[in-house]
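A look at the structure
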Amino acid sequence: MATSSSASTTTPAAVLAVACGHLREAEISAALREGRIARLLATDQDRASLALVAGRARDLSPAIAARRLSVRDFIAARATTEAEIGRFDLVYAAGLYDYLDDRIAARLTRRLFGLLRPGGRLLVGNFLTGLREEAYMDAVMDWQLLYRGEAQIRAFAAEISEVDLAGQRYFADSGGCVGYLELERA
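Heads up: these notes are all about the structure in this document. Bear in mind that the values here come from a model prediction, so they are computed numbers and not experimental data. (Residues numbered from 1 in each chain as written. Predicted model: local features only at pLDDT ≥ 70, side-chain atom pairs only at ≥ 80, totals over all residues. Heavy atoms only, no water.)

Okay, the environment of alanine 186 next. Its place among the elements puts alanine 186 in the segment after strand S7 (178–185). Sequence-distant contacts of alanine 186, defined by excluding residues within four places in its chain, comprise Pro118, Gly119, Val163, Asp164, Leu165 and Ala166. (Helix = DSSP H or I, 4+ residues; strand = E, 2+ residues; numbered from the N terminus. Contact = heavy atoms within 4.5 Å.)

Another point: the packing of aromatic side chains. Overall, the coordinates contain 4 aromatic pairs when judged by the stated rule. Their ring planes at 65° and their centres at 6.4 Å tell us that phenylalanine 127 and tyrosine 147 sit as a pair that is edge-to-face. Separated by 20 residues along the polypeptide, phenylalanine 127 in strand S5 (residues 116–127) and tyrosine 147 in the loop between helix H6 (134–139) and helix H7 (150–154) bring together distant segments of the chain. For the pair formed by phenylalanine 127 and tyrosine 147, the shared burial category is buried. Judged by centre distance (5.3 Å) and plane angle (20°), the ring pair of phenylalanine 171 and tyrosine 180 falls under stacked. Overall, phenylalanine 171 belongs to the partly exposed group, its relative accessible area being 25%. On the basis of relative accessible area, tyrosine 180 is assigned to the partly exposed category, the value being 22%. In this structure an aromatic cluster arises from ring pairing among Phe127, Trp143 and Tyr147. (Phe/Tyr/Trp six-rings, centres within 6.5 Å; stacked < 30°, edge-to-face > 60°. Buried < 20%, exposed > 50% of the residue type's maximum accessible area, 1.4 Å probe, protein only.)

Another point: the pairing of strand S1 (residues 13–17). Within S1, 5 of the 5 residues are buried, which leaves the element mostly enclosed by the surrounding structure. Across the two faces of S1 the burial is the same, with Ala13, Val15 and Ala17 and Ala14 and Leu16 all buried. As judged from the 3 bridges shared by S1 and strand S4 (residues 88–93), these two strands associate in the parallel manner. From the neighbouring strand, leucine 16 faces S4, where its bridge partner is valine 91. (Pairing = 2+ DSSP bridges.)

This is a description of form; function is not addressed.
In structure tokens, the structure reads:
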């Protein structure tokens, strides 16, 4: 049986969304719609968000499952071991790292990376320093984030052995607002 390292190959992928919120990206995912994702485990600590995801999953795809898990659960390996939740081709956290201090971010990255299958990818993002909208987001939107630069975002991988890494890439979104770290498991 062929293995898959992304949702674009022919073997359906297993995906883990950490701190998924409302999982809005599922609404526009061609891979999910076309059956290229066999399993999408959506995790969050917020019960209301998970209830919304579970309700929408009925209309979007039977591949979606919602489960209540917190950052603490992942770091402490409570209910997050391979035997309990499996291994994944893609693990991502889109709106989480902006709230985590550097030490917790590195520990979480190591734990999430450990849930990848060989060839799997971990993708995490963080708002970048120097945004002109920073004050507005803080004062008006009550959004207190930890903004980081490229070196700080790359440091998320500090606890991962080079032996386990097949590749590492940093990039920013087209607007220069969010920096992303992509790690590939050997």
